Amino acid sequence: MKPYIRLWLASLYLFIMGTVTLAFTAVELFLGVIYQSLLVTSDALHGFMDSAIAFISGFGLYYASRRGRAFPWEIYRVESLLTLLAVLAVLGFYTYILATSIELSREPTPLWMTLLLLAGGAVTYAMYLWERRNYETLRLEILKADAAHAKVDASLSTAAAGAVVLSNLSGLIVAETAAVVAIYLYVLYEFSKLAKDAAYGIVGALYRDASLQEKIREALAELGTPLDVKIRRAGSFLVVYSLVGVSPDMTVGRLHALRTRAIRAISKLHPLIVHVDIKIVPRRKEYKRVERERRA
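The rules behind these values
Residues numbered from 1 in each chain as written. Predicted model: local features only at pLDDT ≥ 70, side-chain atom pairs only at ≥ 80, totals over all residues. Heavy atoms only, no water. Helix = DSSP H or I, 4+ residues; strand = E, 2+ residues; numbered from the N terminus. Buried < 20%, exposed > 50% of the residue type's maximum accessible area, 1.4 Å probe, protein only. 1 Å grid on protein atoms, 1.4 Å probe; cavity = no way out; pocket = protein on both sides within 12 Å on 5 of 7 lines; lining within 4 Å. Points joined across faces, edges and corners; volume = space filled by probe spheres on them. Pairing = 2+ DSSP bridges. Axes fitted to C-alpha atoms, helices over the stretch in contact; angles between N-to-C directions. Contact = heavy atoms within 4.5 Å. Parallel < 35°, antiparallel > 145°, perpendicular 65-115°, else oblique. Left-handed = near helix turned anticlockwise from the far one by under 90°. Nonpolar A, V, L, I, M, F, W, Y, C, P; charged D, E, K, R; others polar. Arc of directions from axis to C-beta. Polar contact = N/O pair within 3.5 Å; in protein donor to acceptor, adjacent residues only side chain to side chain. Salt bridge = Lys/Arg side-chain N within 4 Å of Asp/Glu carboxyl O.

### A closer look at unusual backbone geometry
Trans is the common state for peptide bonds, and a negative phi is the common state for residues other than glycine.
Part 1 of the reasoning: Phi is positive for Gln 36, which is not a glycine, with a value near 55 degrees.
Part 2 of the reasoning: Position of Gln 36 among the secondary structure elements: in the loop between α1 (3-34) and α2 (38-65).
Part 3 of the reasoning: We classify Gln 36 as exposed; its relative accessible area is 59%.

### Re empty space enclosed by the protein
Part 1 of the reasoning: Per the counting criterion, the structure on display carries 1 cavity of 30 Å³ or more.
Part 2 of the reasoning: Estimates place the volume of the largest cavity at around 90 Å³.
Part 3 of the reasoning: Lining of the largest cavity is provided by 15 residues; of these, Leu 38, Arg 106, Ile 173, Glu 176 and Thr 177 occupy positions nearest its centre.
Part 4 of the reasoning: Put simply, the parts of the chain that give the lining of the largest cavity at least two residues each are α2 and α6 (174-203).

### Observations regarding the sheet that holds strand β1 (residues 225-234)
Part 1 of the reasoning: Strand order in the open sheet formed by 3 strands is β1-β2-β3, with mixed pairing between adjacent strands. Both outer strands of the open sheet, β1 and β3 (273-282), are each paired with one neighbouring strand and no more. If you compare each strand with its neighbour and ignore which way they point, the axes differ by 15 degrees on average.
Part 2 of the reasoning: Judged from the 9 bridges that link them, β1 and strand β2 (residues 237-246) form a sheet pairing that is antiparallel. Considered in β2, the bridge of Thr 225 is made with Gly 245.
Part 3 of the reasoning: Where helix α8 (residues 252-267) meets the sheet, it contacts β2 and β3, and its direction lies at approximately 145 degrees from that of β3.

### A word on the packing of helix α5 (residues 141-170) against α6
Part 1 of the reasoning: Remark: α5 packs on α6, axes separated minimally by 8 Å, with the N-to-C direction vectors making an angle of 165 degrees. Between α5 and α6, the interaxial angle falls into the category roughly antiparallel. In terms of crossing hand, the pair formed by α5 and α6 is left-handed. Listed contacts from α6 to His 149, Val 152, Asp 153, Leu 156, Ala 163, Val 164, Leu 166 and Ser 167 of α5 are Ala 175, Glu 176, Ala 179, Tyr 186 and Glu 190.
Part 2 of the reasoning: Counted by class, the contact of α5 with α6 contains 8 nonpolar, 2 polar and 3 charged residues.

### Regarding helix α7 (residues 210-220)
Part 1 of the reasoning: All of the buried residues along α7 are Leu 212, Ile 216 and Leu 220. Buried residues of α7, viewed axially, fall in a sector of 80 degrees; they line one side. Of the exposed residues in α7, the ones pointing more than 90 degrees away from its buried face are Ala 210 and Glu 218.
Part 2 of the reasoning: Contacts from the buried residues of α7 go to β1, β2, α8 and β3.
Part 3 of the reasoning: If you check the start of α7, you find a side-chain oxygen 3.2 Å away from the backbone N of Ser 211, and it comes from Asp 209.

### Considerations on the pattern of salt bridges
Part 1 of the reasoning: One pass over the structure, following the stated rule, counts 1 salt bridge.
Part 2 of the reasoning: Glu 222 serves as the salt-bridge partner of Arg 261, at 2.7 Å between the closest nitrogen and oxygen. Placement of the pair is Arg 261 in helix α8 and Glu 222 in the loop between α7 and β1, with a sequence separation of 39 residues.
Part 3 of the reasoning: For Glu 222, a relative accessible area of 45% corresponds to the partly exposed category.

Listed below in structure tokens is the structure:
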């Protein structure tokens, strides 16, 4: 399967999952506010964050599937910035609600809302199974990470439903409070991971993968001697920079043909590579030999 098709399909899957999550979360938030359930509202806010990330990542993959020379690949870093801002907005709102709404003396969440939480867990687990199958087909790490995240979300929804049952049967509202705090701590953990990845994507941090670097060097071997190979992040995507020493006897036509072939080969090595920059310099020893011959 061609890389751009894999990216386009992955973006489609993320759009579908984001839409399903957003629709269910909107219902959950509405009922949580109506029945004044902090636990259900917390679960809904967590869902809003997940759907926002799915949409932003989906748009990034969609644009990556349409990449070309005329497309400004630097815009991929905007994806990381938008992800960071979206998570910050949800986390800030969530922190405000938590700080102003936690009460140990409030009424427990209505028992029937356990069905809502369990339904949310079932939907999330179904998405986990679907994403895992999609990852096996497309082999994109972003789907693998999202599948693992969906599995944890399903567990949190099930635990939240258990907390509602416990608070209703025993009258211990602290069970719901503990579940709310657990969800909040998990959101904080997610934020720390996303913030780190977003920062790496914004500043263009180095992406370290010895196996991928070796494959890039092999793809450059026909052109000349790879002097330097660097892989940098651009949002969730990768940009390859390389410096290649070539024979000074090589014609411009052959140089252009081999460079174009190397760029195509490197672009196929990893589906998240969106730009390949190959700079060329004459090999030093051969350059000096040619210069000596010309002077003689």
